[in-house]
Protein chains: 2
Amino acid sequence: MLVIRDAFNGVTRFEQWQEHLGVARNVLAARLKSLVHHGVLEPRLYSERPPRNEYVLTAKGKDLYGILVTLHAWGEKHVYHDQQSGVVLRHKTCDNILQPRIACGCCNEMVRPREVQVIYTADRPTVGDMMAEDEVA
Amino acid sequence: MLVIRDAFNGVTRFEQWQEHLGVARNVLAARLKSLVHHGVLEPRLYSERPPRNEYVLTAKGKDLYGILVTLHAWGEKHVYHDQQSGVVLRHKTCDNILQPRIACGCCNEMVRPREVQVIYTADRPTVGDMMAEDEVA
DNA sequence: TAGTTGGGTTTTAATTAGAAACTTACTCGG
DNA sequence: CCGAGTAAGTTTCTAATTAAAACCCAACTA
């Protein structure tokens, strides 16, 4: 998640993440590999010899933006209690601090939890099933 | 997260989570304890003797709804590729499958990533700092 | 040629998860 | 009254996962 957050902030290279996050190098390498494998990031060779790649967000990755924004707002409100967290998101269009709300893509109305119905269309897959896609190797 | 998801689906008791998630009992106990400690869930004694609690979402917990919905939609689109995932969210108000979008709480407009500016209001705290609140004990 | 930089692996140590048994304090049925 | 059942955990021990630290290496660079 933090890797992806940085990616949205323009980070594309191993060393940049390493510096920003202070995470162990092997862990970062594993994260990147996994994110590439899951199609969230895409490696791009920016130097042939020595072979060096940068990592850019795919469409799948870019679609994580809503999650990040929502998560950030939650943290601001409930973890930092609207005090200095160090990072703030501004909505350029209206020039206010972004307070993200969930809207419906169909009717454009704001969505409240009460208006959402959970429908089970089949036997609910187990957590194991959900992770099964990993078992490629 | 899965614990919280179930909480939104009406689960309040230890055994219910245990059955739904199939997670080890000690792990579940640890999760619940941690969620209570972080103020996401609130224990409520529903029986004095024997002492038994149920767990209900706090305001902080309820505010996680947006994250869950956004996450779910992402999974539907990119992990299940809009095929049978087993669970679907319906927007009662307009009777369509919910496709959550991020809207701005101030101007009510849909938000696109480009319209969001990241502002660093202070030295960015390290990941360590962010977690420091845990060090109460 | 001796650093330095980018991008990793290998090794080792710590953390976490899991499975199963045990505990406590009841209730219920015979 | 006795044993079984239930709900909510705790304990113990083992297995798997994760992370930190150190190491590696190919290519620039001074």
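The rules behind each value
- Residues numbered from 1 in each chain as written.
- Chains lettered and ligands numbered in written order.
- Predicted model: local features only at pLDDT ≥ 70, side-chain atom pairs only at ≥ 80, totals over all residues.
- Heavy atoms only, no water.
- Helix = DSSP H or I, 4+ residues; strand = E, 2+ residues; numbered from the N terminus.
- Buried < 20%, exposed > 50% of the residue type's maximum accessible area, 1.4 Å probe, protein only.
- Contact = heavy atoms within 4.5 Å.
- Areas by Shrake-Rupley, 256 points an atom, 1.4 Å probe, with all protein chains shown as cover.
- Least-squares fit on C-alpha atoms with pLDDT ≥ 70 in both.
- Patch = residues over 30% accessible without salt bridge, like charges linked within 9 Å, V, L, I, M, F, W, Y side chains within 5 Å.
- Salt bridge = Lys/Arg side-chain N within 4 Å of Asp/Glu carboxyl O.
- Lys, Arg positive; Asp, Glu negative; His and termini not counted.
- Charge placed at Lys NZ, Arg CZ, Asp CG, Glu CD.
- Expected span 1.5 Å × (residues − 1).
- Arc of directions from axis to C-beta.
- Pairing = 2+ DSSP bridges.
- pLDDT = per-residue confidence, 0-100.

Caption draft 1: Geometry of the overall build of chain A. On a plain count of helices and strands, chain A comes out with six helices and six strands. Counting over 137 residues, chain A shows a buried share of 34%. Across chain A, contacts joining residues at least 24 apart in sequence account for 33% of those joining residues at least 6 apart. When the accessible surface of chain A is summed, it comes to about 8,400 Å², and 51% of that surface belongs to carbon and sulfur atoms.

Caption draft 2: Seen up close, the relation of the copies chain A and chain B. Each copy superposes on the other: chain A lies on chain B with an RMSD of 0.1 Å after a rotation of 180° and an axial shift of 0.0 Å. Both copies of the chain, as the preceding transformation shows, are related through a two-fold rotation axis. Judged by C-alpha distance, A:Ile102 is the residue of chain A that lies nearest the rotation axis, at 2.6 Å. Both copies present the same face, since 98% of the interface residues in chain A are matched by interface residues at the equivalent positions in chain B.

Caption draft 3: Just a positive patch on the surface, in detail. A surface patch of like charges, here positive, comprises A:Arg114, B:Arg44, B:Lys62 and B:Lys92. Positionally, B:Lys62 belongs in helix α4 (residues 59-62).

Caption draft 4: Region of interest: helix α3 (residues 25-37) of chain A. Residue and element names in this part refer to chain A. End to end, α3 covers 18 Å across 13 residues, agreeing with the expected 18 Å (1.5 Å per residue, within 8%). Listed in full, the buried residues belonging to α3 are Leu28, Leu32 and Leu35. Seen end-on, α3 carries its buried residues on one side only, within an arc spanning 65°. Facing away from the buried side of α3, by more than 90 degrees, are the exposed residues Asn26 and Lys33. On the buried face of α3, the contacting elements are α1 (2-8), α2 (14-21), β1 (41-47) and β2 (52-57). Of the residues trailing α3, Gly39 is marked for its positive phi of about 75°.

Caption draft 5: Main features of a nonpolar patch on the surface. A surface patch of nonpolar side chains, about 240 Å² in accessible area, is lined by A:Met1, A:Leu2 and A:Leu71. In this structure, A:Leu71 sits in helix α5 (residues 65-79).

Caption draft 6: Local environment of the sheet that holds strand β3 (residues 87-91) of chain A. On the basis of which strands lie adjacent, the open sheet formed by three strands has the order β4(A)-β3(A)-β6(B) and antiparallel pairing. Looking at the sheet topology across the chains shown, the edges are occupied by β4 (96-97) of chain A together with β6 (116-120) of chain B. Bridge count for β3(A) against β6(B) is five bridges, and the pairing is antiparallel. In the sheet register, A:Val88 faces β6(B), and the bridge partner there is B:Ile119.

Caption draft 7: Layout of helix α2 (residues 14-21) of chain B. Residues and elements named next belong to chain B. Turning to α2, its buried residues number three or more, namely Trp17, Gln18 and Leu21. Angular distribution of buried residues about the axis of α2 spans 100°; they occupy a single face of the element. Buried residues in α2 make contact with α1 (2-8), α3 (25-37), β1 (41-47) and β2 (52-57). Count one or two residues on from α2 and you reach Gly22, which has phi positive near 65°.

Caption draft 8: Representation of the confidence of the model for chain A within the structure. Residues and elements named next belong to chain A. In this model, chain A carries a mean pLDDT of 86, and residues with pLDDT of at least 70 account for 88%. Mean pLDDT values over the elements of chain A span from 40, in helix α6 (residues 127-131), up to 96, in strand β5 (residues 100-104). Contacts from residues 124-137, a stretch scored under 50 in pLDDT, to residues over four places away or in other chains number 16 contacts.

Caption draft 9: Summary view of the sheet that holds strand β4 (residues 96-97) of chain B. Taken in spatial order, the three strands of this open sheet run β6(A)-β3(B)-β4(B), and their pairing is antiparallel. Either end of the sheet is taken by a strand with one partner, and the two such strands are β6 (116-120) of chain A together with β4 of chain B. Of the pairings in the sheet, the one linking strand β3 (residues 87-91) of chain B to β4(B) comprises two bridges and is antiparallel in character. The partner of B:Arg90 across the bridge, within β4(B), is B:Ile97.

Caption draft 10: Summary view of the pattern of salt bridges. Applying the stated criterion across every chain yields a total of 10 salt bridges over all chains. Of the charged contacts, one joins B:Arg90 and B:Asp95 as a salt bridge, the two residues approaching to 2.7 Å between their closest N and O atoms.

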